[in-house]
Amino acid sequence: MRKHGPWIIHQTCEVYSDPWIEVSRDEVTRPDGELGSYATIRIKRGVCVIAMDEARNVHLTKEFHYAVGRTTIEGVSGGIEDDESSLVAAERELAEELGWRAARWTHLGQIDPFTSSVCSTVDLYLAEELVQYAAAPEGTELIEPVSMPLPDAIALIGHEITHGPSCVALLMVALQQPRHANDPSQREDPADA
């Protein structure tokens, strides 16, 4: 038995687990004192990167995504491996998916796209001072690079750009209120701070 905010968890049963997702069901005492159960999904922590060149064009990805069953436009996104900081994961994903390397990184913050039944924290980054190399996407990724001026990307939010972390990151870039990851004190994994 353990306390979890105003809830008490009596027992946890793992329903499903793979390298990306864990589904569990807790037997609980609810905040109102009644007994019940609560199912949660944990998705591997991830990153979302908005790559922007000197002309303020953003470089995004266009790809069919299995869960939503359609092609979406979004920032470079992927999971953080166990041995990586979020910045290292962001650098790796940008190189793999679009073939870009960036000399300047800005950590824009963290978001929780869902908070009631899904735990899926995402670190947001802005990548600038870009140099093009060859992309090396994973076997599950058929990525088409998409480039457009930042205002055009902002105008697509809510209809063509619906990926939550990408929407938030684009808006944060447009507001230009980032923290700089090139500051050595900001280069460590924000989750470890």
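Here the structure is shown first, and the text comes after it.
Here's a quick rundown of the structure. Owing to the predicted nature of the structure, the values given are computational and were not obtained by experimental measurement.

1. With respect to helix α1 (residues 86-98)
Phase 1: Along its 13 residues, α1 runs 18 Å from first to last C-alpha, staying within 8% of the 18 Å computed at 1.5 Å per residue.
Phase 2: Most of α1 sits out of view: 11 of its 13 residues are buried.
Phase 3: Looking at the residues trailing α1, positive phi occurs at Gly-99, about 75°.

2. Considerations on the environment of Glu-128
Phase 1: Mapped onto the secondary structure, Glu-128 falls in strand β11 (residues 122-132).
Phase 2: Taking relative accessible area as the criterion, Glu-128 reaches 14% and is therefore assigned buried.
Phase 3: Separated by 72 residues in the primary sequence, Glu-128 and Arg-56 have C-alpha atoms spaced 9.4 Å apart.
Phase 4: Dropping the residues within four chain positions of it, Glu-128 is found in contact with Met-52, Ala-102, Ala-103, Arg-104 and Thr-106.

3. Thoughts on the pattern of salt bridges
Phase 1: Counted according to the given criterion, the structure contains 8 salt bridges.
Phase 2: The shortest N-O distance in the salt bridge between Glu-81 and Lys-44 comes to 3.3 Å. Note that Glu-81 is positioned in the loop between β8 (76-79) and α1 and Lys-44 in the loop between β4 (35-43) and β5 (46-52), a separation of 37 residues in sequence.
Phase 3: Within this structure, Glu-84, Arg-92, Glu-93 and Glu-96 form a network of salt bridges that share partners.

Rules and cut-offs
Residues numbered from 1 in each chain as written. Predicted model: local features only at pLDDT ≥ 70, side-chain atom pairs only at ≥ 80, totals over all residues. Heavy atoms only, no water. Helix = DSSP H or I, 4+ residues; strand = E, 2+ residues; numbered from the N terminus. Expected span 1.5 Å × (residues − 1). Buried < 20%, exposed > 50% of the residue type's maximum accessible area, 1.4 Å probe, protein only. Contact = heavy atoms within 4.5 Å. Salt bridge = Lys/Arg side-chain N within 4 Å of Asp/Glu carboxyl O.

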